[in-house]
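Below are the chains, spelled out letter by letter.
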Amino acid sequence: MGASRRGSLRRGSTLSAGAGILFDVGYCLMDETPRLDHAVSWLAQALTTSDTSPGAEDLHGAYLAACRRPEPGQPSLLVQMLRSLGVPAETTAALRRAVPWDAVPLVAYPETVPALSHLRDAGFRLGILANQPRSARADLDRAGIIPLCDGVWLSEAVGLAKPDPGFFRLALEAWALTPGRVAYVGDRPDNDVAPARALGLTTVRIRRGPHAEQAPRTEAEQPDIEARDLVDAARRLVAWRATLDDAH
Ligand SMILES: [Mg+2]
């Protein structure tokens, strides 16, 4: 097998050309629910004296509605949420700047580290490519995820964001892998599946969190694989890689 010709096998690898998996963070590796709940409470408080003065339940409902049907070209779900409740554009812009989004740390799902460890031991390269503030790195490190990764690309740190294909290319170029040997795992049909699939990556959608009910709008947003959680995704990704090895 080609692996022996390369002479620089990664730990546990038995593959010739290698294969990589890039992960989203929110509702994929890490639960953003505590962060969202905190932001919604903060916004409800900030809007107490406004004309609309939506309560936390109104805001939460509007956020879930925005997640089910994100507006194309509107990168901020918070902005979409506030607009849908009639909050004026000026106020919305100011609140978006002021909301302490990362005041509450991201929390890893219980299966995240075991699933990543399993995939790393199986020889995959692992990376994180996510629309997140720089501060997410500390949360990922605290959860023990950073040492399992061969690359971390956070939008605020690199100045690119999903769905920009240039963001995904950073990882492909760093790993020198063809798109056909890389999978992307995320929860959103529009921001995760569509751009990764357009580049030729294999796409895995985990259906959980506020985007679980977001329906693909086009064939381009349909994932190759749907998974319940990271354990399910890991099992399917190992099977996917076996098909690559058969083909090469
Ligand atoms: Mg996500």
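Within every chain, residues take consecutive numbers counted from 1 along the sequence as written. It should be noted that, the model being predicted, local features are given only for residues of pLDDT at least 70 and side-chain atom pairs only at 80 or more, the latter also being counted only at that level, while totals for whole chains, interfaces and linings use all residues.

Peer 1: Provide a residue-level description of the overall build of the protein chain, including the pertinent values.
Peer 2: Think of it this way: any DSSP run of H or I at least four residues long counts as a helix, any run of E at least two long counts as a strand, and we number them from the N terminus. What the protein chain contains, in helices and strands, is 11 helices and 8 strands. The C-alpha radius of gyration of the protein chain comes to 19 Å, within 12% of the 18 Å expected for a compact globule of 248 residues. With respect to the principal axes defined by its C-alpha atoms, the protein chain has extents near 70 × 40 × 30 Å. Partly exposed residues are those whose C-beta has more than 12 but fewer than 20 other C-beta atoms within 10 Å; 20 or more makes a residue buried and 12 or fewer makes it exposed, with C-beta atoms placed from the backbone. Among the 248 residues that make up the protein chain, the fraction classed as buried is 35%. Values of the radius of gyration come from C-alpha atoms, whereas the globule rule sets the reference at 2.2 Å times the count of residues to the power 0.38.

Peer 1: An account of the packing of helix 4 (residues 77-84) against helix 5 (residues 89-98) is requested, with residue identities and associated values reported.
Peer 2: Following both chains from N to C, one finds helix 4 and helix 5 inclined at 145 degrees, their axes separated by 10 Å at the closest point. Considering how the two elements wind past one another, helix 4 and helix 5 form a crossing that is right-handed. Across the interface between the two elements, Leu-78, Val-79, Leu-82 and Arg-83 of helix 4 pack against Thr-92, Leu-95 and Arg-96 of helix 5. Polar here means any residue other than Ala, Val, Leu, Ile, Met, Phe, Trp, Tyr, Cys and Pro, which are nonpolar, and Asp, Glu, Lys and Arg, which are charged; Gly is therefore polar. Residue classes in the contact of helix 4 with helix 5 are distributed as 4 nonpolar, 1 polar and 2 charged. Note on method: axes are straight lines fitted to C-alpha atoms, helices fitted across the in-contact stretch only, with angles between N-to-C directions ranging 0 to 180 degrees. Definitions for this section: a left-handed crossing has its near helix turned counterclockwise from the far helix by less than a right angle. A right-handed crossing has that turn clockwise. Note on contacts: each residue gets a C-beta atom placed from the backbone, and two residues are in contact if those atoms are within 7 Å.

Peer 1: For the domain arrangement of the protein chain, give the residues involved together with the corresponding values.
Peer 2: What the domain assignment lists for the protein chain is domain 1 (2-32 + 106-247) and domain 2 (33-98). Taking only C-alpha atoms, the centre of domain 1 and the centre of domain 2 are 29 Å apart. Listed per partner, the contact involves 10 residues of domain 1 and 10 residues of domain 2. Considering only residue class, the side of domain 1 that touches domain 2 consists of 4 nonpolar, 2 polar and 4 charged. Domain start and stop positions are those given by an automatic or database domain assignment.

Peer 1: I'd like to hear about the environment of Tyr-184, residue by residue, with values.
Peer 2: As for its placement among the helices and strands, Tyr-184 is situated in strand 6 (residues 182-186). Each C-alpha atom of the pair Tyr-184 and Thr-243 lies 17 Å from the other, and the pair is 59 residues apart in sequence.

Peer 1: Describe the confidence of the model for the protein chain, listing the residues and the values that go with them.
Peer 2: Here the protein chain averages 92 in pLDDT, while 92% of its residues score no lower than 70. Confidence of the predictor in every single residue is expressed as pLDDT, which spans 0 to 100. Confidence drops under pLDDT 50 across residues 1-16; counting only partners more than four residues distant or on other chains, this segment forms 17 contacts.

Peer 1: Explain the pairing of strand 1 (residues 20-23) to me, and be specific about the residues and the numbers.
Peer 2: Because side chains alternate across strand 1, one face comprises the buried residues Gly-20 and Leu-22, and the other comprises Ile-21 and Phe-23, equally buried. Across 4 bridges, strand 1 lies against strand 4 (residues 125-130) in parallel orientation. Bridging across to strand 4, Phe-23 finds its partner in Ile-128. When DSSP finds two or more bridges between a pair of strands, those strands are recorded as paired. Here strand 1 pairs with strand 6 via 4 bridges, running parallel. What sits directly across from Gly-20, in strand 6, is Val-182.

Peer 1: Which residues make up the sheet that holds strand 6, and what values go with them?
Peer 2: Strand order across the open sheet formed by 6 strands is 5-4-1-6-7-8, with parallel pairing between neighbours. Edge positions in the sheet fall to strand 5 (152-154) and strand 8 (225-227), since each has one partner strand and no second. Recorded for the sheet is a direction-independent mean angle of 20 degrees between the axes of neighbouring strands. Contacting strand 1, strand 4, strand 5 and strand 6, helix 9 (residues 165-175) runs over the sheet at an angle of about 160 degrees to strand 4. The sheet strands contacting helix 10 (residues 189-199) are strand 6 and strand 7 (202-206), and the helix crosses strand 7 at an angle near 165 degrees.

Peer 1: Now, about helix 6 (residues 112-121): what can you tell me, with residues and values included?
Peer 2: Within helix 6, burial applies to Thr-112, Ala-115, Leu-116, Leu-119 and Arg-120. Buried residues of helix 6, seen end-on, are gathered within an arc of 135 degrees and therefore sit on one face of the element. One or two steps after helix 6, the chain reaches Gly-123, where phi turns positive at roughly 100 degrees. The arc in question is formed by the directions pointing from the helix axis toward the C-beta atoms.

Peer 1: Describe helix 9, with residues and values.
Peer 2: Listed as buried for helix 9 are Phe-168, Ala-171 and Leu-172. Here the buried residues of helix 9 occupy an arc of 100 degrees about the axis, which is enough to place them on one side. Residues Gly-166 and Glu-173 are exposed on helix 9 and point more than 90 degrees away from its buried face. Here the buried face of helix 9 lies against strand 1, strand 4, strand 5, strand 6 and helix 10.

Peer 1: Go over the environment of Asp-102 with me, naming the residues and quoting the values.
Peer 2: Tracing the sequence through the fold places Asp-102 in the loop between helix 5 and strand 3 (107-108). A residue is classified by how many C-beta atoms lie within 10 Å of it, and Asp-102, with 18 of them, is partly exposed. The spatial distance from the C-alpha of Asp-102 to the C-alpha of Val-231 is 27 Å, given a sequence separation of 129 residues. If we ignore the near neighbours within four places in the chain, the residues touching Asp-102 are Pro-133 and Ser-135.

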